[in-house]
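Commentary on secondary and tertiary structure
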Number of protein chains: 2
Amino acid sequence: MEDNSIYQFSLLNALMDGICEVGIPTSKLLQKGNQGLGTFVRMDGELVMLDGTVYQLKGDGSIRAADPHDEIPFAMSTLFKPTISIERAIPNKESIDEIFDEFFPHTANQFVSYRFEGAFKSMKVRTVRAQEYKGQPLSELGAKQSVFDYEDVEGTVVGFRSPESWQGFSVAGEHLHFISHDRKKGGHILELCSEGVKIGMALNSNVHVELPTDRDFNDAKLAMNDAEIRKVEG
Amino acid sequence: MEDNSIYQFSLLNALMDGICEVGIPTSKLLQKGNQGLGTFVRMDGELVMLDGTVYQLKGDGSIRAADPHDEIPFAMSTLFKPTISIERAIPNKESIDEIFDEFFPHTANQFVSYRFEGAFKSMKVRTVRAQEYKGQPLSELGAKQSVFDYEDVEGTVVGFRSPESWQGFSVAGEHLHFISHDRKKGGHILELCSEGVKIGMALNSNVHVELPTDRDFNDAKLAMNDAEIRKVEG
């Protein structure tokens, strides 16, 4: 794994199609960098990988360190070595793009990986609940997700900005997960606000996609539905 | 480079948008496997990589070994180690898919890399002529391509089958280039017929995409136009 290259297992459209019965073991993802995000088999919660540990953030709000053999049907990770480190307020989710535009102009078709570290005035996250039946699409799960609002919480944000043309492979635009320093709070970020956090960021132009080889994945349509993705992953 | 993983530089939609001013040097592509296909700066001809040499198949029908510093704005390559080797007739381009369906059932969302070696009764190829102006899209060049019909020619076919969902990143379905054993004929295959050739094939589930970092690529829309791709790359 080269510094700041991205590893991705499966395609987001497979989750949209409800394909998440099997995946790579957690022990394998841990070899694919020092930070990442994703989900678990049957979309049972959100995944945060951070410096050697993979966390499962479940729909009931509980958090556990994943077992090495727990399977991951979708993940993105990177061996993150920030090339720019600053301290800055992040008033809202939209302001993240403005920061990247400032430090990485004319990079719309590259990826950006990032990490925010520090105190957040507010943080709104969701955690997806596991499928109720095999093949249940992510869009349905999005309608029943758990949403948590935190105030004055300290923790780490792990994120990726993917180019628009990668919609359906990844999540176009910002995709970021949070875990608190005490490892008791976290999820897929819907909104956030900080008066000042440490921001590390790096550009990525190398993406290694590993495709699942199971029958469900091979039989899937993997058709694009931009509106559904934006609704559930926005 | 792992056996039977795929390396791809840039995205096909960049060529569709006419983005091909710069690329990786030929010397770099040669490190990315033992066979591949692509094009050269300004889409000046077709590229075949075969066992340590990169060939440029030009619009005037001439063929040369590329210089190490010649730049490649789009290419796919693999370190090809066939897992299945057979001898079989290939009556037409459509029959290639039938062979894969027979030996690799239920792999619609994997890649297949392949090599055909031997005598072809007929072979119809095109070679794209270089852009007439910067940014000229591939669809325009397709209307002015050179087409050559060969009969009773011996040579090598290098190809990839890409999943439907990768249309625009790669060429969905079959994408195959030919070079004759005497290195005097070749191009992007439009049609072929053989009464019996050696066929080597392998499944690929790992794809390493390297994105260009230049301004033209970052400013490109990279929007999908399935009909245009099928017309020019079919």
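From a predicted model like this one, the values you see are computed outputs, not experimental measurements.

Moving on: the overall build of chain A. For chain A, the count of helices and strands is six helices and 14 strands. The globule rule puts the C-alpha radius of gyration for 234 residues at 17 Å, and the 16 Å found for chain A is close to it. With the C-alpha coordinates of chain A rotated into their principal frame, the extents come out at 45 × 35 × 35 Å. Burial analysis of chain A (234 residues in total) assigns 48% to the buried set. Restricting to contacts in chain A with at least 6 residues of sequence separation, those with at least 24 account for 78%.

The biggest cluster of nonpolar side chains holds 131 residues, and the ones touching the most others in it are L15(A) and L15(B). Filtering out sequence-adjacent residues up to four positions away, L15(B) remains in contact with C20(B), T39(B), M43(B), F74(B) and L138(B).

With that settled, consider the interface of chain B and chain A. Counting from both sides, the interface comprises 22 residues of chain B and, opposite them, 22 residues of chain A. For the side of chain B that touches chain A, the secondary structure elements donating two or more residues are strand 14 (206-210) and helix 5 (215-219) of chain B. The residue makeup of the side of chain B that touches chain A, split by class, is eight nonpolar, eleven polar and three charged. Pairing of strand 14 (residues 206-210) of chain A with strand 14 of chain B involves five bridges; the strand directions are antiparallel. When the bridges of strand 14 of chain B are listed, V207(A) appears paired with V209(B).

Attention now goes to the relation of the copies chain B and chain A. For these two chains of identical sequence, chain B goes onto chain A by a turn of 180° and a shift of 0.0 Å along the axis, with RMSD 0.0 Å. Both copies of the chain, as the preceding transformation shows, are related through a two-fold rotation axis. It is H208(B) whose C-alpha, among those of chain B, lies nearest the rotation axis, at 2.1 Å. A share of 100% of the interface residues of chain B reappears at the interface of chain A, consistent with the copies meeting face to face through the same patch.

Moving on, we get to helix 6 (residues 226-233) of chain B. All names here are of chain B. Residues I229, V232 and E233 constitute the buried set of helix 6. Seen along its axis, helix 6 keeps its buried residues to an arc of 80°; they face one direction. In this structure, the buried residues of helix 6 make contact with helix 1 (12-16), helix 4 (138-142) and strand 12 (173-180).

This part is about unusual backbone geometry. Glycine aside, the phi torsion of most residues is negative, and most peptide linkages are trans. Residues other than glycine seldom take positive phi values, yet H106(A) does so here, at roughly 55°. For H106(A), the location among the structural elements is in the loop between helix 3 (94-103) and strand 10 (111-127).

Our focus in this paragraph is the environment of F9(B). Residue and element names in this part refer to chain B. Within the element layout of this structure, F9 appears in strand 1 (residues 6-9). Taking C-alpha positions, F9 is 15 Å from V54, a pair spaced 45 residues apart along the chain. Other than its neighbours up to four places away in sequence, F9 contacts G23, I24, I72, F74, A75 and E210.

For the rest of this paragraph, the subject is the confidence of the model for chain A. Low pLDDT means the predicted coordinates in that region are not meant to be read closely. Mean pLDDT over chain A stands at 96; residues scoring 70 or higher make up 100%. Scoring the predicted complex yields pTM 0.97 and, for the interface, ipTM 0.96.

This paragraph deals with the environment of A14(B). All names here are of chain B. Mapping A14 onto the fold places it in helix 1. Since 26 C-beta atoms lie within 10 Å of it, A14 is described here as buried. A C-alpha to C-alpha distance of 8.9 Å links A14 and P73, two positions 59 residues apart in sequence.

Right, let's talk about the environment of S95(A) for a bit. By secondary structure assignment, the location of S95(A) is in helix 3. In sequence terms S95(A) and C193(A) are 98 residues apart; their C-alpha atoms lie 9.6 Å from each other.

Let's shift gears to the pairing of strand 5 (residues 53-57) of chain B. All names here are of chain B. The sheet contact formed by strand 4 (residues 46-50) and strand 5 spans five bridges and is antiparallel. Note that in strand 5 the partner of V48 across the bridge is Y55. Here strand 5 runs beside strand 6 (residues 63-65); their pairing, made up of three bridges, is antiparallel. Residue pairing for strand 6: Q56 is matched across the bridge by R64.

Parameters at a glance
Residues numbered from 1 in each chain as written. Chains lettered and ligands numbered in written order. Predicted model: local features only at pLDDT ≥ 70, side-chain atom pairs only at ≥ 80, totals over all residues. Helix = DSSP H or I, 4+ residues; strand = E, 2+ residues; numbered from the N terminus. Rg over C-alpha atoms; globule rule 2.2 N^0.38 Å. Buried ≥ 20, exposed ≤ 12 C-beta atoms within 10 Å, placed from the backbone. Contact = placed C-beta atoms within 7 Å. Core = buried A, V, L, I, M, F, W, Y, C linked by C-beta atoms within 7 Å. Nonpolar A, V, L, I, M, F, W, Y, C, P; charged D, E, K, R; others polar. Pairing = 2+ DSSP bridges. Least-squares fit on C-alpha atoms with pLDDT ≥ 70 in both. Arc of directions from axis to C-beta. pLDDT = per-residue confidence, 0-100.

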